[in-house]
Amino acid sequence: MQILTFYALMFVALGLWGVWLIMKWRELPDFSNAVYNSMVEKGLLSDSVDRDLFKQSFIRCEAPLAGTYRWVAALVSLIALPPLIMAFNWIWDFLWRLGGAVEGPMQRGYMFHSFMTFVFLMAIIVGFLFLVTSHYYRNAPPSLRSEIKRLEGKDS
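It should be emphasised that the depicted structure is a prediction, and the values quoted were computed from it without experimental measurement.

Trainee: Explain the pattern of salt bridges to me, please; I cannot follow it from the model alone.
Mentor: It is possible for side chains bearing opposite charge to pair when their charged atoms get close. Per the stated rule, a full pass over the model turns up four salt bridges. With a closest N to O distance of 2.6 Å, Arg 60 and Glu 147 form a salt bridge. One end of the pair, Arg 60, is in helix H2 (residues 51-62); the other, Glu 147, is in helix H5 (residues 144-152), and 87 residues separate them in sequence. Under the relative-accessibility criterion, Arg 60 is labelled partly exposed at 41%.

Below, the structure is given as structure tokens:
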């Protein structure tokens, strides 16, 4: 029962994180206008840069995209835990019966089985996180500095 409570609390924490990310995405357009005004006022951005183009570039560069990728990866990992454990236990039992079903440390419930379950889950989830992270960095947004240079026509 404690495990199910902990599992449910992880979904609650993930939901709170998701709400925070949604708030960040929603406030981004207003924040981009404030940044535009501030940068023009301080002379860091020329008046020739269109506000809407700056807003689009700012959202593309400064959006909480990495956090959103992490959130989706965490959700998928959390949902995948029970099926992964079921699959591992099925494979473990199959191999244990194939080996003669000898009672002892290879049987389910022993420390070795628990450790191998952990290793299996970590291997799958770390591999999944590697794929998500590599996808994000292959398609990473440009820096705001390079976008400002592009908008001002100072491409190098």
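Trainee: Would you mind showing me how to read the nonpolar core here?
Mentor: A general tendency of soluble globular proteins is for nonpolar side chains to be buried together. Core analysis: the biggest nonpolar cluster contains 13 residues, and Met 39, Leu 45, Phe 54, Phe 58 and Ile 148 have the highest contact counts within it. For this core, the secondary structure elements donating two or more residues are helix H1 (2-42), H2 and H5. Per-element accounting of this core gives the leading share, four residues, to H1. Setting aside residues no more than four positions away along its own chain, Leu 45 makes contact with Tyr 36, Met 39, Val 40, Phe 54, Ile 148 and Glu 152.

Trainee: Help me understand the packing of H2 against H5 in this model?
Mentor: Relative placement of two packed helices is described by the angle separating their axes and the distance separating the axes. The interhelical angle for the contact between H2 and H5, taken along N-to-C directions, is 160°, at an axis separation of 9 Å. As judged from the angle between their axes, H2 and H5 are roughly antiparallel. Judged by the twist between their axes, the crossing of H2 over H5 is right-handed. Where H2 abuts H5, its residues Leu 53, Phe 54, Ser 57, Phe 58, Arg 60, Cys 61 and Glu 62 lie against Leu 144, Glu 147, Ile 148, Arg 150 and Leu 151. For the contact of H2 with H5, the class distribution of residues is seven nonpolar, one polar and four charged.

About the thresholds
- Residues numbered from 1 in each chain as written.
- Predicted model: local features only at pLDDT ≥ 70, side-chain atom pairs only at ≥ 80, totals over all residues.
- Heavy atoms only, no water.
- Salt bridge = Lys/Arg side-chain N within 4 Å of Asp/Glu carboxyl O.
- Helix = DSSP H or I, 4+ residues; strand = E, 2+ residues; numbered from the N terminus.
- Buried < 20%, exposed > 50% of the residue type's maximum accessible area, 1.4 Å probe, protein only.
- Core = buried A, V, L, I, M, F, W, Y, C linked by side-chain atoms within 4.5 Å.
- Contact = heavy atoms within 4.5 Å.
- Axes fitted to C-alpha atoms, helices over the stretch in contact; angles between N-to-C directions.
- Parallel < 35°, antiparallel > 145°, perpendicular 65-115°, else oblique.
- Left-handed = near helix turned anticlockwise from the far one by under 90°.
- Nonpolar A, V, L, I, M, F, W, Y, C, P; charged D, E, K, R; others polar.

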